[in-house]
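Fold and geometry: a report
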Amino acid sequence: PTYGATADRAADIATVSGTAFSGFFKDTEGTIVAEVQALKNYTPNFNRIYNFSDNSFSDELELWMAGSTYKVYGKIVSSNSSQGDKKASDVLITSGEIAKLGQIYKTDIHTVYQDGVKGEEDNSVNLSTTLNKLTIGARFNNSKPFTGWIRRLRYFNKQKSDTQVQKLTDTSFLLDKFKG
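Now for a description of the structure that goes with this document. As the structure is a prediction and not an experimental result, all values here were calculated from the model.

1. Digging into the environment of Ala 88
Along the polypeptide, Ala 88 turns up in the loop between strand E6 (81–87) and strand E7 (98–106). Measuring from C-alpha to C-alpha, the distance between Ala 88 and Leu 131 comes to 23 Å, with 43 residues separating the pair along the chain.

Next up, the structure:
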């Protein structure tokens, strides 16, 4: 074993690709729900919670924490065209609390959620049809790793309703907001 200041650990990053990816992912609609806990006093640097991609910057669907505002954003990039960064909330998740985040997409709709509250929505989004990889905890190239814990990531291959996603991301239970 290694102890003290000499101990170090790299980010845990998981990827799903190939038939494991194509067996569950639907490019025309879907819902993603993530339970995350950033380190207390964490300073984000555009770190990805998850990233669906075609293994390039040209086509992506992702959830990330901005380095400038420290807020959570959802983003879709299709054929090298960013569909815009959509903010989940003005509430920061950098004090160690657990946050439940959601993102839905379908042709002409992209919405993000945080802790049971609907964030920004885009009603004119173009979806990528070439996504073939999911990276959990970083961007497709393992850059911008998330610093903290991803407790759960759930994917539904249908767009859930606003009410359903708000319920899935609700944090009204005291234990869900535990600050570690």
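2. Quick look at the pattern of salt bridges
Two side chains carrying opposite charge are able to pair once their charged atoms lie near each other. Scanning all chains against the criterion turns up 11 salt bridges. Put simply, Glu 62 and Arg 48 hold a salt bridge, and the shortest N to O gap is 2.9 Å. Of the two residues, Glu 62 is situated in strand E4 (residues 60–65) and Arg 48 in strand E3 (residues 47–53); the sequence distance between them amounts to 14 residues. A single burial state applies to Glu 62 and to Arg 48, both of which are buried. A salt bridge links Glu 121 to Lys 118; its shortest N-O distance comes to 3.2 Å. Relative accessible area serves as the criterion here: at 30%, Glu 121 is assigned to the partly exposed category. Residue class for Lys 118 comes out partly exposed when judged on its relative accessible area of 32%.

3. A closer look at the side chain of Thr 31
Structurally, Thr 31 is set in strand E2 (residues 29–38). A distance of 2.9 Å separates a polar atom in the side chain of Thr 31 from the backbone oxygen of Lys 158. In terms of polar contacts, Thr 31 uses its side chain to reach the backbone amide nitrogen of Lys 160, at 2.8 Å. Excluding anything up to four places from it in sequence, Thr 31 contacts Gln 103, Ile 104, Tyr 105, Arg 154, Tyr 155, Phe 156, Lys 158, Gln 159, Lys 160 and Val 165.

4. Details of the packing of aromatic side chains
Centre-to-centre distance and the angle between the planes together describe a pair of aromatic rings. Overall, the coordinates contain 13 aromatic pairs when judged by the stated rule. Plain terms: the ring middles of Phe 46 and Trp 64 are 5.7 Å apart, the flat faces sit at 35° to each other, and that makes the pair tilted. Taken together, the positions of Phe 46 in the loop between E2 and E3 and Trp 64 in strand E4 put the pair 18 residues apart, joining distant regions of the chain. For Trp 64, a relative accessible area of 6% corresponds to the buried category. Residues Trp 64 and Tyr 73 carry aromatic rings whose centres are separated by 5.2 Å and whose planes lie at 20° to one another, so their mutual orientation is stacked. Take Trp 64 and Tyr 73: they sit in the same class, and that class is buried.

5. Some remarks on the pairing of strand E9 (residues 117–122)
The side chains of a regular strand alternate, first on one face of the sheet and then on the other. Sheet topology note: the strand E8 (residues 109–114)/E9 ladder contains four bridges and is antiparallel. Its bridge partner lying in E9, Thr 111 is registered against Glu 121. Connecting E8 to the next strand, E9, in antiparallel fashion are two residues, including Asp 115 with a positive phi near 50°.

6. Things to note about the sheet that holds strand E1 (residues 14–17)
The strand order E1-E10-E3-E4-E5-E6 describes an open sheet built from six strands, whose pairing is antiparallel. Looking along the sheet, the strands with just one partner apiece sit at the ends: E1 and E6. With strand direction ignored, the average angle separating the axes of adjacent strands in the sheet is 10°. Looking at chain direction, E4 and strand E5 (residues 72–78) are connected through six bridges and run antiparallel.

Thresholds applied
Residues numbered from 1 in each chain as written. Predicted model: local features only at pLDDT ≥ 70, side-chain atom pairs only at ≥ 80, totals over all residues. Heavy atoms only, no water. Helix = DSSP H or I, 4+ residues; strand = E, 2+ residues; numbered from the N terminus. Salt bridge = Lys/Arg side-chain N within 4 Å of Asp/Glu carboxyl O. Buried < 20%, exposed > 50% of the residue type's maximum accessible area, 1.4 Å probe, protein only. Polar contact = N/O pair within 3.5 Å; in protein donor to acceptor, adjacent residues only side chain to side chain. Contact = heavy atoms within 4.5 Å. Phe/Tyr/Trp six-rings, centres within 6.5 Å; stacked < 30°, edge-to-face > 60°. Pairing = 2+ DSSP bridges. Axes fitted to C-alpha atoms, helices over the stretch in contact; angles between N-to-C directions.

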